[in-house]
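Listed below are the residues making up each chain.
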There are 2 protein chains.
Amino acid sequence: MTSPSTANSERARLVHLAMQAIARTGENTTRALLAKEARMPRARIDAIFATDDDLFDAILEQWYAPAIAIMEEVIDCDLPIRRKFYEFFARRFVRERERFRKDPAAFAVYCEIGTDKFENVRGYVDLADHYLSELIAQAQEEGHFSGLGINQALSLINQIVACYILPQMLLMVDQEKLSEGKLATIIDTLFDGLSGDARGAAPVAGLRIA
Amino acid sequence: MTSPSTANSERARLVHLAMQAIARTGENTTRALLAKEARMPRARIDAIFATDDDLFDAILEQWYAPAIAIMEEVIDCDLPIRRKFYEFFARRFVRERERFRKDPAAFAVYCEIGTDKFENVRGYVDLADHYLSELIAQAQEEGHFSGLGINQALSLINQIVACYILPQMLLMVDQEKLSEGKLATIIDTLFDGLSGDARGAAPVAGLRIA
């Protein structure tokens with residue numbers, strides 16, 4: 001029998017091989033392809049990944065592990081809330097940009113696969129929303145984002161920082177235009193400007209009718 | 001000889017046909033394809049569009065005409081500056097969303113072609129930036145966005161409202177999540193929160209060193 005730690009390291013090695021194959025071929029991989037890649041009997045692969053989807057989930061787990069570690073670290077740290085918000089987004093942005101710069105083509109492939117298989121990715125998006133909601137609750141306790149429910153604030157903040165959280169933005173927006181300095185200005189803008197009060201931007205048709 | 005107005009209406013009819021072909025085939029079109037589509041001799045098409053790129057530019061002109069009309073209308077209107085900003089983005093967003101909803105597949109094709117042929121599109125992006133810069137200058141005269149150069153404010157604002165100006169966002173973001181109400185909140189957030197002063201989001205490493 002294989003010991004648990006050996007099984008884990010074999011699984012990790014296969015996930016690593018699968019990710020290399022994705023980067024090289026520009027396509028999502030399967031257990032059949034992975035068996036060839038690893039020069040292992042298909043039955044052995046199937047014992048570790050019961051379906052192709054399980055293999056893909058294992059790859060996703062590996063892909064998102066650093067972002068989850070960053071979010072947990074920021075949630076638990078004792079920085080002031082405004083600094084926490086910045087670190088929550090900036091550290092993940094810097095990490096994604098690093099991955100993007102290392103291999104832009106492979107990064108583009110992951111974006112494409114992630115879009116195609118969004119049902120598998122959704123849990124990670126929900127997890128990020130969960131952590132951000134914790135930070136929003138903390139900010140609201142300190143008087144920020146007044147007049148907004150947590151889910152409203154969550155949606156607005158995700159939209160306002162979209163350039164720094166959607167990986168596709170690294171492909172779509174001129175690299176030079178995204179920077180940690182601008183992200184900091186955007187976070188300060190949020191903290192000083194985001195609230196649920198209508199302050200003149202929206203049309204006043206409702207008032208006219210009244 | 002063809003009179004100028006007949007020539008113009010023929011040109012417009014051909015551009016219209018070319019756009020229908022793009023929506024139907026899911027690919028950019030060429031003068032060769034357009035000749036078949038219009039059942040016209042190729043020489044006649046070539047007299048109107050000297051190159052395939054000229055045909056594409058004529059399609060782009062048609063595609064962007066409503067957005068340009070909206071921007072010019074908003075620049076010239078006498079709404080308060082905060083309302084102008086909202087209308088500048090909201091009217092174009094509503095118009096794009098309408099186009100997207102009418103034919104999501106064709107909209108996706110246009111996004112893809114626009115990305116592939118960004119050199120042709122760049123002039124329209126620059127024009128939108130030019131108009132937004134005018135609005136920013138006006139806002140700054142009234143004391144908003146202090147401490148930021150026009151180009152800095154332009155880049156930050158484009159990033160903060162990215163969900164409402166990048167057509168790809170209609171494909172990427174859940175439709176229900178983008179709304180005129182949220183856009184109004186984002187504009188109010190900008191007007192009350194955007195400035196060049198560092199207000200605590202950025203790390204203070206520099207201060208520690210000092």
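The shown structure was predicted, so the numbers you read here are calculated from the model rather than taken from an experiment.

Asker: Describe the overall build of chain A, with residues and values.
Answerer: From N to C terminus, chain A includes 12 helices and 0 strands. In sequence order, chain A lays out its α and β elements as α-α-α-α-α-α-α-α-α-α-α-α. Against the globule reference of 17 Å for 210 residues, chain A gives a C-alpha radius of gyration of 21 Å, more extended than a compact globule. Residues classed as buried in chain A amount to 45% of the 210 residues present. Relative to all contacts within chain A whose residues are 6 or more apart in sequence, the contacts with residues 24 or more apart total 68%. When the accessible surface of chain A is totalled, it reaches about 10700 Å², and 53% of it is carbon and sulfur. Put simply, chain A has 24 plus and 31 minus side-chain charges, and the middle of one group is 5 Å from the middle of the other.

Asker: Give me helix α4 (residues 52–76) of chain A: which residues, what numbers.
Answerer: Residues and elements named next belong to chain A. The end-to-end C-alpha separation of α4 is 35 Å, in line with the 36 Å expected for 25 residues at 1.5 Å each. For α4, the principal kink sits at Tyr64 and spans about 45°; a proline, Pro66, occurs within the next four residues. Listing the buried residues of α4 in full gives Leu55, Phe56, Ala58, Ile59, Leu60, Trp63, Ala67, Ile68, Ile70, Met71, Val74 and Ile75. Looking at the packing, one finds that the buried side of α4 touches α1 (4–25), α2 (31–38), α5 (81–102), α6 (104–116) and α7 (118–141).

Asker: Residue-level account of the interface of chain A and chain B, with values.
Answerer: Facing the 36 residues of chain A at the interface are 36 residues of chain B. Our count for the chain A to chain B interface comes out at 2 salt bridges. Notably, a salt bridge pairs Asp192 of chain B with Arg199 of chain A, separated by 2.8 Å at the nearest N-O pair. At the junction of chain A and chain B, the tally comes to 16 residue pairs in polar contact (both at pLDDT 80 or more). Contributing elements (two or more residues each) for the side of chain A that touches chain B: α5, α8 (150–160), α9 (162–165), α10 (168–172) and α11 (180–193) of chain A. In terms of residue class, the side of chain A that touches chain B is built from 19 nonpolar, 8 polar and 9 charged.

Asker: Describe the packing of aromatic side chains, naming the residues involved and giving the relevant values.
Answerer: Residue and element names in this part refer to chain A. Taken as a whole, this structure holds 18 aromatic pairs over all chains when the rule is applied. Measuring from centroid to centroid gives 5.2 Å for Phe88 and Phe89, while their planes differ by 85°, and the two rings are edge-to-face. Judged on exposure class, the residue Phe88 and its partner Phe89 are both buried. Here the aromatic rings of Phe100 and Phe107 are separated by 5.5 Å at their centres, their planes lie at 80°, and the arrangement is edge-to-face.

Asker: Describe empty space enclosed by the protein, with residues and values.
Answerer: Residues and elements named next belong to chain A. Per the counting criterion, the structure on display carries 1 cavity of 30 Å³ or more. By volume, the largest cavity amounts to about 50 Å³. What lines the largest cavity is simply Arg92, Phe93, Glu96, Cys163, Tyr164, Ile165, Leu166, Pro167, Met169 and Leu170. Looking at the lining of the largest cavity, the elements with two or more residues in it are α5, α9 and α10. The residue makeup of the lining of the largest cavity, split by class, is 8 nonpolar, no polar and 2 charged.

Asker: Could you give an account of the nonpolar core, with specific residues and numbers?
Answerer: In this structure, Phe85, Phe145, Ile157 and Ile187 of chain A together with Phe85, Phe145 and Ile187 of chain B are the most contacted members of the largest nonpolar core, which totals 133 residues. The residues touching Phe145 of chain A, leaving out its near neighbours within four places in the chain, are Phe85, Ile136, Ala139, Gln140, Ile157, Leu190, Phe191, Leu194 and Ser195 of chain A.

Asker: How would you explain a nonpolar patch on the surface if you had to name every residue and give the values?
Answerer: On the surface, a cluster of nonpolar side chains totalling about 290 Å² of accessible area is made up of Leu171 and Met172 of chain A together with Leu171 and Met172 of chain B. For the nonpolar patch, the secondary structure elements donating two or more residues are α10 of chain A together with α10 (168–172) of chain B. Here Met172 of chain B lies in helix α10.

Asker: Can you tell me about the packing of α5 of chain A against α11 of chain A, naming the residues and giving the values?
Answerer: Residues and elements named next belong to chain A. At a closest axis distance of 10 Å, the pairing of α5 and α11 adopts a crossing angle of 150°. Along this stretch, α5 crosses α11, giving a crossing that reads as right-handed. Here α5 contributes Ile81, Arg82, Phe85, Tyr86, Phe89, Ala90, Phe93, Val94 and Arg97 to the contact with α11, which in turn contributes Glu180, Leu183, Ala184, Ile187, Asp188, Phe191 and Asp192. Looking at the contact of α5 with α11 residue by residue, the classes come out as 11 nonpolar, no polar and 5 charged.

Asker: Tell me about the pattern of salt bridges, and name the residues and values.
Answerer: Residues and elements named next belong to chain B. Tallied over the entire structure, the rule returns 32 salt bridges over all chains. Two residues, Asp188 and Arg82, come together in a salt bridge whose shortest N-O distance is 2.7 Å. Remark: Arg82 occurs in helix α5 (residues 81–102) and Asp188 occurs in helix α11 (residues 180–193); sequence separation between them is 106 residues. Across the salt bridge formed by Glu87 and Arg91, the nearest N and O atoms sit 2.8 Å from each other.

Asker: Can you break down unusual backbone geometry residue by residue, with the values?
Answerer: Notably, Phe145 of chain A is not glycine yet its phi reads approximately 55°, a positive angle. Structurally, Phe145 of chain A is set in the loop between α7 and α8. If you check the backbone angles, Arg39 of chain B has positive phi at about 50° while not being a glycine. Mapping Arg39 of chain B onto the fold places it in the loop between α2 (31–38) and α3 (42–48). A residue is classified by how much of its surface remains accessible, and Arg39 of chain B, at 78% relative accessible area, is exposed.

So, how was this worked out
Residues numbered from 1 in each chain as written. Chains lettered and ligands numbered in written order. Predicted model: local features only at pLDDT ≥ 70, side-chain atom pairs only at ≥ 80, totals over all residues. Heavy atoms only, no water. Helix = DSSP H or I, 4+ residues; strand = E, 2+ residues; numbered from the N terminus. Rg over C-alpha atoms; globule rule 2.2 N^0.38 Å. Buried < 20%, exposed > 50% of the residue type's maximum accessible area, 1.4 Å probe, protein only. Contact = heavy atoms within 4.5 Å. Areas by Shrake-Rupley, 256 points an atom, 1.4 Å probe, with all protein chains shown as cover. Lys, Arg positive; Asp, Glu negative; His and termini not counted. Charge placed at Lys NZ, Arg CZ, Asp CG, Glu CD. Expected span 1.5 Å × (residues − 1). Bend = angle between axes of the 7 residues up to and from the residue. Salt bridge = Lys/Arg side-chain N within 4 Å of Asp/Glu carboxyl O. Polar contact = N/O pair within 3.5 Å; in protein donor to acceptor, adjacent residues only side chain to side chain. Nonpolar A, V, L, I, M, F, W, Y, C, P; charged D, E, K, R; others polar. Phe/Tyr/Trp six-rings, centres within 6.5 Å; stacked < 30°, edge-to-face > 60°. 1 Å grid on protein atoms, 1.4 Å probe; cavity = no way out; pocket = protein on both sides within 12 Å on 5 of 7 lines; lining within 4 Å. Points joined across faces, edges and corners; volume = space filled by probe spheres on them. Core = buried A, V, L, I, M, F, W, Y, C linked by side-chain atoms within 4.5 Å. Patch = residues over 30% accessible without salt bridge, like charges linked within 9 Å, V, L, I, M, F, W, Y side chains within 5 Å. Axes fitted to C-alpha atoms, helices over the stretch in contact; angles between N-to-C directions. Left-handed = near helix turned anticlockwise from the far one by under 90°.

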